[in-house]
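# Geometric and topological summary
What follows is the residue order along each chain.
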Amino acid sequence: LHFCRQRGTKDKEDQEYCLGYPVSIFFIVVNEFCERFSYYGMKAVLVLYFKYFIGWDNDLSTTIYHTFVALCYLTPILGAIIADSWLGKFKTIVYLSIVYTIGQVIMAISAIHDITDTNRDGTPDNMTFHTAMSMLGLMLIALGTGGIKPCVAAFGGDQFEEHQEKQRSTFFSIFYLSINAGSLLSTLITPILRAQECGIYSKQSCFPLAFGVPAALMVVALIVFIAGHSMYIMESPKGNILLRVMKCIGFAIKNRFNHRSKQHPKREHWMDWAEEKYDKLLIAQVKMVLKVLFLYIPLPMFWALFDQQGSRWTLQATTMDGNFIVNPILIVIMVPIMDSAVYPLIKKCHINFTPLRRMTVGMLLAALAFVAAALLQIQIDQTMPNFPSSSQIQVKFLNLENTSVPVEVEGQEPFAVPGFDVSSNNDTSNLNIFSKSWKTIIKRKVTNGSIQDIEPNGIHMAWQVIQYFLMTCGEVVFSVTGLDFSYAQAPSNMKSVLQAGWLLTVAVGNIIVLIVAEAGSLPDQWAEYVLFASLLVAVSIIFAVMAYFYTYMDPMEIEAKFMELDPEEKKRKELGMTTKDNLAYVNNETSNNTDDKQMKI
């Protein structure tokens, strides 16, 4: 009772606090933990599901994986429109979480091989059904997880009062920590669940359980979030703000084009050409949003590298020895270290480590991570065996149980392989024996009636810790800072929209991966890693230049200039309350810049 109490203000009446934080945020953090467990748990085995259950090759599995991730980050703009325009953040989160849960359940059902295994041989007889069900499930998941992404973080920020900039900044760090705590546990647990054997008629790798547990966690996330509804601060939607913004921008462009002759005087900003139809407050808010969105243009390149941890880096790990999970563990460790040790130390050294400078450093660290991945790939390639030519027969074996399985190879006498499970496709010149456990594959060549062992790759997965450490450090200083920056620089009625814009950069990054990976003709994987690293370094330089000329804004101060303050706002202004952490951004920036760099739009 001494730590948790009820405290109200004119803004947030009867708000309950615990240890200086609104009690409501604890429901939001737990909800985010469970939702991220659900998402990352499903995604941890998704590429393996494509490859070993559906039967797609590496390239198609990678393509579909990044397409799904891109959809997950394209749909946030839809969620932002719904939240800011019609339903509000709370209802948007609830309704789309229901869609999300349904998608996870469908995904789990799609992985039940017994549904179409009519002859009970352990192989689905109608793979089209399973593929269609999985695609439907993934589309619903993309709509659900993407739709709530811009709302949850912004909804958490809404729970704080204007003068609680320090607490709100800490909340975003805890919020991001909960994301990676959920990711850590899910990426540890779901592969273990997948490795179990389950089934009604025949035992197979348990993808239904690996997808079913994340579905159950999504149900928990929904229940926890609804349970805290009486404590939330819920701001009413402001109307279809995105539509108004688009119309305002369109009118400004049209009006400027119609008055392009020299006889018309120039205006300070091209958006000022909308003044004939729209009020100055909306124009000022649009200017703020456009200013930040312009800064977002280089950011997708970071995500193009970051999200390859779930595709290219995972496939790289399959060619190595061992079993190693790195990124979520490092995130859980690095977030508190950065907040409690690194950033305070930098501040004591009188270094003005502004948010945009942090993000630049994060991009460079991600580029270094891909250089490390390229160096590791070179070592892997040097230790890889020489595979048979097209004139030779290659057979893959996986040790499963103590049985002898007859193998027939065209042109060879039948022979028995003890302790191996075998399946073949229609092409008898190249038998494919698929693994139920993707981690260990023994390859042998069948040439002239003899079986020749090929030694497995001896490079351990632990070598990936270098690239994961660099990528994790980059993620912490880039992504956590970006979330906070997007909220702080957003106008009061467009926070979800700007959060969606931030998430949209992730979608564009995954599209870049598809373009480079599919259109590129690089013969070696290490060369592709170097290409991505080089592109990010170039983009980082461009972003650093853009950040140098960016001046931080105080959205509430700017908005106050264009509207008549109501009595409550006047009282807050008289009490000297400032908005969130924008003032801190302004003070940090102006203290190190020359006097001629003024706060302006």
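Just so you know, the residues in each chain are numbered from 1, in the order the chain's sequence is written. In keeping with the model being predicted, local features are shown solely for residues with a pLDDT of at least 70 and side-chain atom pairs are shown and tallied solely at 80 or more, while totals for entire chains, interfaces and linings include all residues. Here the side-chain values reflect all heavy atoms present in the structure, with hydrogen atoms and water set aside.

Which entries qualify depends on this criterion: UniProt positions are given in the numbering used here, feature names are shortened, and annotations may be inferred rather than shown by experiment.
An unreviewed UniProt entry lists the protein chain under the name Solute carrier family 15 member 1b, with Cyprinus carpio as the source organism. In its Subcellular location (unreviewed entry) section, the UniProt entry covering the protein chain states "Membrane". As its UniProt record puts it under Sequence similarities (unreviewed entry), the protein chain is described as follows: "Belongs to the major facilitator superfamily. Proton-dependent oligopeptide transporter (POT/PTR) (TC 2.A.17) family."

### Section: a nonpolar patch on the surface
Formally: Patches in this entry comprise residues that are over 30% relatively accessible and not in a salt bridge; like charges within 9 Å are linked, as are nonpolar side chains (Val, Leu, Ile, Met, Phe, Trp, Tyr) within 5 Å. Values of accessible area rely on a 1.4 Å probe in the Shrake-Rupley scheme; residue burial ignores everything except the protein chains shown. Salt bridges are defined by distance alone: a side-chain nitrogen of Lys or Arg within 4 Å of a carboxyl oxygen of Asp or Glu. In this description a helix means any DSSP run of H or I spanning at least four residues, a strand means any run of E spanning at least two, and both kinds are numbered starting from the N terminus.
Among the surface-exposed residues, Leu71, Leu74, Leu504, Val508, Ile511 and Ile515 lie close enough to one another that they form a single nonpolar patch of about 430 Å² accessible area. Where the nonpolar patch is concerned, the elements lending two or more residues are α3 (58-74) and α15 (495-519). No other element matches the four residues that α15 contributes to the nonpolar patch. As for its position among the elements, Leu504 is in helix α15.

### Concerning the packing of helix α4 (residues 76-110) against helix α5 (residues 127-157)
Stated formally: Lines fitted to C-alpha atoms define the axes, with helix axes restricted to the stretch in contact, and inter-axis angles between N-to-C directions lie between 0 and 180 degrees. Left-handed describes a crossing whose near helix is turned anticlockwise from the far helix by less than a right angle; the clockwise case is right-handed. Asp, Glu, Lys and Arg are counted as charged, while Ala, Val, Leu, Ile, Met, Phe, Trp, Tyr, Cys and Pro are counted as nonpolar; the rest, among them Gly, fall into the polar class.
For the pair α4 and α5, interaxial distance at closest approach is 6 Å and the crossing angle is 145 degrees. Considering how the two elements wind past one another, α4 and α5 form a crossing that is left-handed. Here the residues of the contact of α4 with α5 sort into 25 nonpolar, 13 polar and two charged.

### Things to note about the confidence of the model for the protein chain
Cut-off, in case you're wondering: The pLDDT value expresses, per residue, how confident the predictor is, ranging between 0 and 100. Any pair of residues with heavy atoms lying within 4.5 Å of one another is described as a contacting pair.
In this model, the protein chain carries a mean pLDDT of 77, and residues with pLDDT of at least 70 account for 76%. Overall, residues 7-11 carries pLDDT values under 50, and its contacts beyond four positions in sequence, including any with other chains, amount to 15 contacts. Low confidence marks residues 389-444, where pLDDT is under 50. Its contacts with residues over four positions away, or in another chain, come to 102 contacts.

### Observations concerning the nonpolar core
What counts, and what does not: Remark: nonpolar core denotes a set of buried residues (Ala, Val, Leu, Ile, Met, Phe, Trp, Tyr, Cys) joined through side-chain atoms within 4.5 Å. Three exposure classes are used, based on accessible area relative to the maximum for each residue type with a 1.4 Å probe and protein chains only: buried under 20%, partly exposed in between, and exposed over 50%.
Counting residues in each nonpolar core, the largest one holds 137 residues, and the members touching the most others are Tyr39, Tyr49, Phe68, Phe211, Leu356 and Trp502. In terms of residue count, helix α14 (residues 465-488) provides more of this core than any other element does, 11 residues in total. Core analysis: the second largest hydrophobic core is formed by six residues, Ala317, Leu376, Ile380 and Met461 among them.

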